[in-house]
Amino acid sequence: MSNLASSAALAQASPSSAPSGHAIELVGVNKWYGEFHVLKDINLKVHRGERIVICGPSGSGKSTMIRCINRLEEHQQGTIIVDGIELTNDLKRIDEIRREVGMCFQHFNLFPHLTILENLTLAPIWVRKMPKKEADELAMHFLTKVKIPEQAHKYPGQLSGGQQQRVAIARALCMKPKILLFDEPTSALDPEMVKEVLETMVSLAEEGMTMLCVTHEMGFARQVANRVIFMDAGQIIEMNEPEPFFSNPQHERTRLFLSQILGH
Amino acid sequence: MNLSSFIDVFHAWPSLLNGLVMTVMLTLVSSFLGVVLGTLCAWGSLKGPKAVRWFIRGYVEFFRNTPFLGQIFFIFFGLPALGLRLDPVTAALVALTINLTAYACEIIRAGIEATPAGQFEAASSLGLKPAQAFFLVIIPPAFQRVWPAMTSQLVIILLASALCSQISVAELSYEANMIASRTFRNFEAYIVVTLIYLGLAVLFREMLTWVGRRFVYGEFATGAQR
Amino acid sequence: MNDFTTWDVFRNLLAAVPWTIYLSLIAFAGGAAVSLILLSLRFAFPRVAGRPVRLYVQVFQGTPLLMQLFLVYFGLALMGVQTTPLFAASLCLSVYSSAYLTETWYGCVLAVPKGQWEASSSLGLKHWQQMLLIVLPQALRLSVPPTVGLMVQIVKNTSLASIVGFVELTRASQIIANATFEPFLAYGAVALIYFVICFSISLCGRHLEKRIRI
Ligand SMILES: Nc1ncnc2c1ncn2[C@@H]1O[C@H](COP(=O)(O)OP(=O)(O)OP(=O)(O)O)[C@@H](O)[C@H]1O
Ligand SMILES: [Mg+2]
């Protein structure tokens, strides 16, 4: 059982005891798509164990920013340091960082030709070189954690959206990441399935996982976030603890955005 | 023409059998090699360095836009000028494989391009290397998507192998020619061999459907998921 | 021995290009005509004509063109019909192409979304009106890329006419190879010429496809 200690426990080190102080550091990050300036001078330091929620209008660069953190997108200027490793074009470092950073996508991106169990064990077996038996145990552990161990031998197409997203979270956890990135994990889900996914995420947060989460679920932000970030047009406009962020936004654009999404 | 005129043809059953074995061998070997090499070429043409991509594009376009008969003539009669002398069977296998690889590459590439980008991203975010992501995550659903097209192409290769008779490979249609000129029963010989081809094509298609069900299609439905 | 320059080889090959194109056009026109008839039958009398048409397609797609060519050539002779290589090749290529065209075009009609039939019948159009006014125009657009692909196949298939002795590009290259003892040059050059013809057709097809999509 001890080798199955939850990944969150590994990441639970308090901010002060961490070797480099921060889980993620973005300093002066800029990115362009051709002429289009998607990320403008992004500065962000994320402590270990911190939960950050990112919101903002469509096209503001939220996805792009978090996708830069595990190099699904390349930034052109500035530095990104993840767990003390600076992201460069060095493929070794990218691999190293991807092993420490898990990601969950809006459309789950489960592998349709693999069973749920195989989805979970694929990376442990091929990347961590874990024996199959051990990987299976690990996978069942995390499937139990997201409350769907009975689905292990089904295929993704046979599960509901909420179940698929929980599988995707379990799949990321199987790599025992120190950091988890979420890109709108609930926005492709029917309302009644949003809750089960959010509950899973809350329980992760309670275990101290470092989380960066793009979401418009403001209830979730209030409940678990240490900080909420508002982005617009490629910039971080406002960043604050949830209480002041929601009750007293400093910028007009934040206010407008919040009134729009909280209005409904 | 009556039934008795077929008797001469049926008397030649040993040579028909030899031809059949050769046709089956040519088809199976080139199908296997063509699909494997086609997959590798598809990978190279999508993820390889620029020079490799261009080379593969050029190769695929060239072999899809020239007749197989010309290709086999060039390989068998033309290449010896460069000092590369192949025996007929090898030349036939090389020609069939090179031809099929070009088509298979194109078919598989289409299947890969229909794969949602998220699949590759999810694989990368889990730390899989590009080659691992390609062969473990991208290829299996892509194969499922294009298996019907691949089946048709493999049947076409079976039928195209008839042209190997033109460089005197002793396969079915070569034996048909032999029987025809020995017995002067041209029409009868060709009817019998044509029907054998038809049977082979039907069987081969069945076999590929079985292979598809057994190895290519899982119990999953790709359509159900983005 | 080498009295032939590269240019001589090309010049003689180019002289055979019109025959390849001529044969391709006949095969395409003939194939299209046959397959339009078959398709009309299949759509007009699906019960009666469906199975025979499918069988026709399966037989011609399930046997080698080479065998069909020999059968036509010797079959006609057996029936006492005086035949020329051009006639035999034209007939055979037309029939062969018609099988592929029928299959492809039938697929294009089926590929028009069901909603289009439903919408047009809800407007009160009769079946033949739906077909003619709503479905066929859309199927026509869908059919452009695969039809261009089949045209390339037809051009390549005309090379088989060389086997019954019709002098088109491939036969010309064989003759030149034997006369010059330069098979590498002759077969290389003929491949290049085929490539230019077929690739131009493919490129035109891609261009058309782009224009249609808008
Ligand atoms: N590959 C690309 N090439 C060019 N432009 C892109 C590309 N990907 C994203 N963009 C543009 O970059 C901007 C930011 O995109 P991004 O996906 O980060 O937005 P987002 O904040 O996540 O929006 P959403 O809430 O809709 O997901 C958008 O204007 C988008 O059009
Ligand atoms: Mg986004």
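Residues numbered from 1 in each chain as written. Chains lettered and ligands numbered in written order. Predicted model: local features only at pLDDT ≥ 70, side-chain atom pairs only at ≥ 80, totals over all residues. Heavy atoms only, no water.

- Per an unreviewed UniProt entry, chain B goes by the name Amino acid ABC transporter membrane protein 1 (PAAT family) and belongs to Ancylobacter aquaticus.
- We quote the UniProt Sequence similarities (unreviewed entry) comment for chain B here in full: "Belongs to the binding-protein-dependent transport system permease family. HisMQ subfamily." (UniProt positions renumbered as here; feature names shortened; annotations may be inferred.)

- The name an unreviewed UniProt entry assigns to chain A is General L-amino acid transport system ATP-binding protein, from the organism Ancylobacter aquaticus.

Considerations on the overall build of chain A
- Assigned secondary structure in chain A consists of 10 helices and 10 strands.
- Here the C-alpha atoms of chain A give a radius of gyration of 18 Å, agreeing with the 18 Å that 2.2 N^0.38 yields for 264 residues.
- Projected onto the principal axes, the alpha-carbon positions of chain A cover approximately 55 × 45 × 40 Å.
- Across the 264 residues in chain A, those meeting the buried criterion constitute 58%.
- A fraction of 67% describes how many contacts in chain A between residues 6 or more apart in sequence connect residues 24 or more apart.
- Of the roughly 11,000 Å² of accessible surface on chain A, a fraction of 51% belongs to carbon and sulfur atoms.
- Computed over 28 positive and 31 negative side-chain charges, the separation of the two mean positions in chain A equals 3 Å. (Helix = DSSP H or I, 4+ residues; strand = E, 2+ residues; numbered from the N terminus. Rg over C-alpha atoms; globule rule 2.2 N^0.38 Å. Buried < 20%, exposed > 50% of the residue type's maximum accessible area, 1.4 Å probe, protein only. Contact = heavy atoms within 4.5 Å. Areas by Shrake-Rupley, 256 points an atom, 1.4 Å probe, with all protein chains shown as cover. Lys, Arg positive; Asp, Glu negative; His and termini not counted. Charge placed at Lys NZ, Arg CZ, Asp CG, Glu CD.)

Some thoughts on the packing of aromatic side chains
- Enumeration over the complete set of coordinates arrives at 25 aromatic pairs over all chains.
- Clustering of aromatic rings is evident, with ring pairs tying together Tyr59, Phe62 and Phe63 of chain B together with Phe195 and Phe199 of chain C.
- For the cation-ring pair, Arg171 of chain A lies above Phe111 of chain A, with the distance from its terminal atom to the ring centre recorded as 4.5 Å.
- Sitting above the plane of the Phe120 of chain B ring, Lys47 of chain B keeps its charged end 4.1 Å from the centroid. (Phe/Tyr/Trp six-rings, centres within 6.5 Å; stacked < 30°, edge-to-face > 60°. Lys NZ or Arg CZ within 6 Å of the ring centre and 35° of its normal.)

With respect to the interface of chain C and chain B
- Opposite the 35 residues of chain C that make contact, chain B presents 34 residues.
- For the pairing of chain C and chain B, the buried interface totals around 2,900 Å² over both sides, and the portion due to carbon and sulfur atoms is 78%.
- Our count for the chain C to chain B interface comes out at 1 salt bridge.
- Here Glu61 of chain B ties to Arg206 of chain C by a salt bridge, and the two come within 3.0 Å at their closest N and O atoms.
- Residue assignment for the side of chain C that touches chain B shows that the elements contributing at least two residues are α2 (46-61), α3 (65-78), α6 (127-157), α7 (169-180) and α8 (183-213) of chain C.
- Per-element accounting of the side of chain C that touches chain B gives the leading share, 12 residues, to α8 of chain C. (Buried area = accessible area lost by both parts, 1.4 Å probe. Salt bridge = Lys/Arg side-chain N within 4 Å of Asp/Glu carboxyl O.)

Thoughts on the pairing of strand β2 (residues 36-47) of chain A
- Across 8 bridges, the pairing between strand β1 (residues 22-33) of chain A and β2 of chain A is antiparallel. Bridge pairing in β2 of chain A links Tyr33 of chain A to Phe36 of chain A. (Pairing = 2+ DSSP bridges.)

Describing the site of ligand 1
Residues and elements named next belong to chain A.
- Surveying the vicinity of ligand 1 reveals the residues Tyr33, Phe36, Val38, Pro57, Ser58, Gly59, Ser60, Gly61, Lys62, Ser63, Thr64 and Glu184.
- Within the contact set of ligand 1, a nitrogen atom lies 3.3 Å away from a side-chain nitrogen or oxygen of Tyr33.
- Separating an oxygen atom of ligand 1 from a side-chain N or O atom of Ser58 is a distance of 2.6 Å.
- Look at ligand 1: alone it shows 640 Å² of surface, and the protein chains cover 58% of it.
- Listing elements by their share of the shell around ligand 1, those giving two or more residues are β2 and α2 (62-69).
- Among the elements that line the shell around ligand 1, the one with the most residues is α2, at 3 residues. (Near = heavy atom within 4 Å. Polar contact = N/O pair within 3.5 Å; in protein donor to acceptor, adjacent residues only side chain to side chain.)

Observations regarding the interface of chain B and chain A
- Facing 22 residues of chain B, the contacting portion of chain A comprises 27 residues.
- Carbon and sulfur atoms supply 62% of the area that chain B and chain A bury against each other, a total of about 2,300 Å² over both sides.
- Linking chain B with chain A are 2 salt bridges.
- Between Glu121 of chain B and Arg67 of chain A there is a salt bridge, and its shortest N-O distance comes to 2.7 Å.
- Our count for the chain B to chain A interface comes out at 5 residue pairs in polar contact (both at pLDDT 80 or more).
- Within the residue set of the side of chain B that touches chain A, elements represented by two or more residues are α6 (117-125) and α7 (130-160) of chain B.
- Grouping the constituent residues of the side of chain B that touches chain A by class yields 10 nonpolar, 8 polar and 4 charged. (Nonpolar A, V, L, I, M, F, W, Y, C, P; charged D, E, K, R; others polar.)

Looking at the environment of Leu101 of chain C
- Along the chain, Leu101 of chain C turns up in helix α4 (residues 85-111).
- Between the C-alpha atoms of Leu101 of chain C and Lys114 of chain C, which are 13 residues apart in sequence, the distance is 22 Å.

As for the sheet that holds strand β9 (residues 227-232) of chain A
Residue and element names in this part refer to chain A.
- Taken in spatial order, the 6 strands make up an open sheet running β6-β7-β8-β3-β9-β10, and their pairing is mixed. If you trace the sheet from one side to the other, it starts and ends with β6 (101-104) and β10 (235-240), each paired once. The mean inter-strand angle of the sheet, taken between neighbouring strand axes irrespective of direction, is 20°.
- Pairing geometry for strand β3 (residues 51-55) and β9, over 4 bridges, is parallel. Bridge assignment links Val53 to a residue of β9, and that residue is Val228.
- The sheet contacts of α2 involve β3, β6, β7 (179-183), β8 (210-214), β9 and β10, and relative to β7 the element is tilted by about 155°.
- Strands β3, β9 and β10 of the sheet are contacted by helix α10 (residues 252-263), whose axis makes an angle of about 100° with β9. (Axes fitted to C-alpha atoms, helices over the stretch in contact; angles between N-to-C directions.)

So, the UniProt feature "domain: ABC transmembrane type-1" (unreviewed entry) in chain B
- Cross-referencing UniProt, the feature "domain: ABC transmembrane type-1" (unreviewed entry) maps to residues 20-208 of chain B in the present numbering.
- End C-alpha to end C-alpha, residues 20-208 of chain B measures 18 Å, and it is 82% helix and 0% strand.

Describing the sheet that holds strand β4 (residues 77-82) of chain A
- In space, the 4 strands of this open sheet follow the order β2-β1-β4-β5 (chain A), with antiparallel pairing throughout. A strand with exactly one partner marks an edge of an open sheet, and here the two such strands are β2 and β5 (85-86) of chain A.

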